[in-house]
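Reading the structure
These are the residues of each chain, in order.
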Amino acid sequence: MELDALDRALLRELQNDARQTNRDLAAKTGVSPSTSLERVRLLRERGVITGYHAALDLDAAGRPVQALISVRIRPPARPVIEGFREWAARLPEVIGLFVTSGAHDFLIHIAVPDVDSVYAFVIDRLTERREVADVQTTMAYEHVQSRCIEPTGPDRPRSAHRAR
């Protein structure tokens, strides 16, 4: 089933403000509240909407320093990769994690209070792991993130690993 213009409008409005009432959402998209409610329910059931969250200002949350850390794992076996992924994703400093191809196996996005905390994360957390063969750290001066993702084309098969 493809996403139509109404689905796209509902998704756009919810990404702009997921806390708005269904009545406001319906008014902004030009449909009845019952239609809006049903379509949003279907979008959740189909897995297009995976959840709702509060966006935080990292500076205000006491985590103004961000870094991207590339990690190479050895041996590059599925259990080792999956074990590291699960471990790293649970660390409180981690705000994003990508399993990647190329020279490194992971790209880890962290947000911490200061530069010393970046160093501590790399030395005290990452390099203590036996499977970590190489680490490269890049400090991020600014992080600009798109808050509204426009769906494209017809539904595609869902992969086993989705963004969480």
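Check the entry above for the structure.
Residues numbered from 1 in each chain as written. Predicted model: local features only at pLDDT ≥ 70, side-chain atom pairs only at ≥ 80, totals over all residues. Heavy atoms only, no water.

1. Observations regarding the overall build of the protein chain
- The number of helices and strands found in the protein chain is five helices and four strands.
- When its helices and strands are written in sequence order, the protein chain yields α-α-α-β-α-β-β-α-β.
- For the protein chain, the C-alpha radius of gyration of 20 Å lies well beyond 15 Å, the compact-globule estimate for 164 residues.
- Expressed as lengths along the three principal axes of its C-alpha atoms, the size of the protein chain is roughly 55 × 35 × 20 Å.
- Within the protein chain, the proportion of its 164 residues that are buried is 29%. (Helix = DSSP H or I, 4+ residues; strand = E, 2+ residues; numbered from the N terminus. Rg over C-alpha atoms; globule rule 2.2 N^0.38 Å. Buried < 20%, exposed > 50% of the residue type's maximum accessible area, 1.4 Å probe, protein only.)

2. With respect to the sheet that holds strand β4 (residues 132-140)
- With antiparallel pairing, the four strands of this open sheet are ordered in space as β2-β3-β1-β4. Since the sheet does not close on itself, it has two edges, and those belong to β2 (94-99) and β4, each with one partner. Averaged over all neighbouring strand pairs, the angle between strand axes comes to 20°, with direction disregarded.
- With eight bridges joining them, strand β1 (residues 65-73) and β4 adopt antiparallel strand pairing. (Pairing = 2+ DSSP bridges. Axes fitted to C-alpha atoms, helices over the stretch in contact; angles between N-to-C directions.)

3. Observations concerning the pairing of β1
- When you tally the buried positions in β1, you get seven out of nine residues, the bulk of the element.
- Pairing analysis gives seven bridges linking β1 to strand β3 (residues 106-112), with the strands arranged antiparallel. Bridge pairing in β3 links Gln-66 to Ala-111.

4. Some details on the nonpolar core
- Counting 20 residues, the largest nonpolar core has Ile-69, Val-71, Phe-84, Ile-108, Ile-110, Phe-121 and Leu-126 as the members making the most contacts within it.
- Listed by contribution, the elements that provide at least two residues to this core are β1, α4 (78-89), β3 and α5 (115-126).
- Leu-3, Leu-6, Leu-14 and Leu-43 belong to the second-largest nonpolar core, a separate cluster that totals nine residues. (Core = buried A, V, L, I, M, F, W, Y, C linked by side-chain atoms within 4.5 Å.)

5. A short note on unusual backbone geometry
- Backbone torsion omega between Arg-74 and Pro-75 reads -5°, so that peptide bond is classified as cis.
- Here Pro-75 shows up in the loop between β1 and α4.

6. Details of the environment of Lys-28
- Tracing the backbone through its elements, the reader meets Lys-28 in helix α2 (residues 22-29).
- The spatial distance from the C-alpha of Lys-28 to the C-alpha of Glu-13 is 7.7 Å, given a sequence separation of 15 residues.
- If near-sequence neighbours (up to four positions away) are discounted, Lys-28 is found in contact with Glu-13 and Gln-20. (Contact = heavy atoms within 4.5 Å.)

7. Focus on helix α3 (residues 33-45)
- Between its terminal C-alpha atoms α3 stretches 18 Å, which fits the 18 Å expected from 13 residues at 1.5 Å a residue.
- Residues of α3 that are buried sit in contact with α1 (5-16) and α2.
- Of the residues trailing α3, Gly-47 is marked for its positive phi of about 85°. (Expected span 1.5 Å × (residues − 1).)

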